[in-house]
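# Observations on the model geometry
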Amino acid sequence: MRILTISGSLRAASTNTLLLEAIAELAPSSVTVIRSGSLDSLPHFSPERDVDPAPEAVTDLRTQLREADAVIICTPEYIHSMPGVLKNMLDWVASSGEFVHKPVGVLSAGPSDMGGSRAHTALSHTMEVLMAQQPEQASLIVPFVRQRMDADGRVTDPVLKQALQTVLSTLIDTVGKQTAQV
Ligand SMILES: Cc1cc2nc3c(=O)[nH]c(=O)nc-3n(C[C@H](O)[C@H](O)[C@H](O)COP(=O)(O)O)c2cc1C
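What you see is a predicted model, and the numbers here were worked out from it, not measured in a lab.

Let us now look at the side chain of T75. With respect to the helices and strands, the residue T75 is situated in strand β3 (residues 70-75). T75 sits in the buried class, given a relative accessible area of 0%.

Below you can see the structure in the form of structure tokens.
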């Protein structure tokens, strides 16, 4: 089983990227976790650029998404929504449809008590429009994220660790059920 992780943050020390790394460490050996390329490599979306062949970074992204059994996106909140780089990525796959029926874990994290909840709402809504499958237990908002990690960015809070484990297990179960139906 392949799970693709996508961080909505370009920051080298991103807490959102660190949460995805924590999930990757929890993955059993039957799961291969693939980190997406940086969203920075994608050109700005325009329908006029969405032609065949698509730009190489877009083709790579679409291939990674197609090959993934499930996807986990973890995003910070910028001005009460998801960062532009993340929305740009989602714009690129609107026409190609890689998210249709794909099980997706939607996560947000932030330093305040809000945990990026408005970005979470925006992302979840966009994923709904893209017809992704969003299992409830694979959806997570992480408030006070910096206080729940040590100085090296490792998750220290057992409650958060358990919540990340639930996200992962839920996606694995969802993919398992989908596969059994085919
Ligand atoms: C331009 C900008 C806008 C931001 N807007 C919000 C916001 O609306 N709400 C919020 O809770 N945090 C906001 N933040 C704080 C970030 O969400 C926060 O620093 C987050 O931890 C960054 O995620 P990262 O560590 O994964 O890079 C903003 C930060 C920047 C740089």
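Another point: the site of the ligand. Close contacts around the ligand come from 13 residues, with S9, R11, S14, T15 and E77 the closest. Contact between the ligand and E77: an oxygen atom at 2.7 Å from a main-chain N or O atom of the residue. Compared with its free state, where it exposes 630 Å², the ligand has 69% of that area covered by protein. For the shell around the ligand, a count of residues per class yields four nonpolar, five polar and four charged.

A word on the packing of aromatic side chains. Taken as a whole and judged by the stated rule, the model has one aromatic pair. Each ring, one from F45 and one from W92, has its centre 5.0 Å from the other, and the planes form 90°; the classification is edge-to-face. Pair noted here: F45 is in the loop between β2 (32-35) and α2 (56-67) and W92 is in helix α3 (residues 84-92), with a separation of 47 residues, a long-range link. Assessed through its relative accessible area of 27%, F45 is described here as partly exposed. Classification of W92 as buried rests on a relative accessible area of 0%.

This next bit is on helix α5 (residues 158-181). Over its 24 residues, α5 extends 34 Å from the first C-alpha to the last, a length consistent with the 34 Å expected when each residue adds 1.5 Å. Burial in α5 covers these residues: L160, L164, V167, L168, T170, L171, T174 and V175. For α5, the side-chain oxygen to backbone nitrogen distance between the N-cap and V159 is 2.9 Å, and the N-cap itself is D157.

On to the pairing of strand β5 (residues 139-142). Walk down a regular strand and you will see the side chains alternate between the two sheet faces. Residues L140 and V142 of β5 are buried on one face, while the alternating residues S139 and I141, pointing to the opposite face, are not. In the sheet, strand β4 (residues 104-109) pairs with β5 via four bridges, with the strands oriented parallel. Looking across to β5, one finds that V106 is bridged to S139. What joins β4 to β5 is helix α4 (residues 117-129), and the crossover it makes is right-handed.

Reading the values: the criteria
Residues numbered from 1 in each chain as written. Predicted model: local features only at pLDDT ≥ 70, side-chain atom pairs only at ≥ 80, totals over all residues. Heavy atoms only, no water. Helix = DSSP H or I, 4+ residues; strand = E, 2+ residues; numbered from the N terminus. Buried < 20%, exposed > 50% of the residue type's maximum accessible area, 1.4 Å probe, protein only. Near = heavy atom within 4 Å. Polar contact = N/O pair within 3.5 Å; in protein donor to acceptor, adjacent residues only side chain to side chain. Areas by Shrake-Rupley, 256 points an atom, 1.4 Å probe, with all protein chains shown as cover. Nonpolar A, V, L, I, M, F, W, Y, C, P; charged D, E, K, R; others polar. Phe/Tyr/Trp six-rings, centres within 6.5 Å; stacked < 30°, edge-to-face > 60°. Expected span 1.5 Å × (residues − 1). Pairing = 2+ DSSP bridges. Right-handed = clockwise from strand over helix to strand, strands pointing away.

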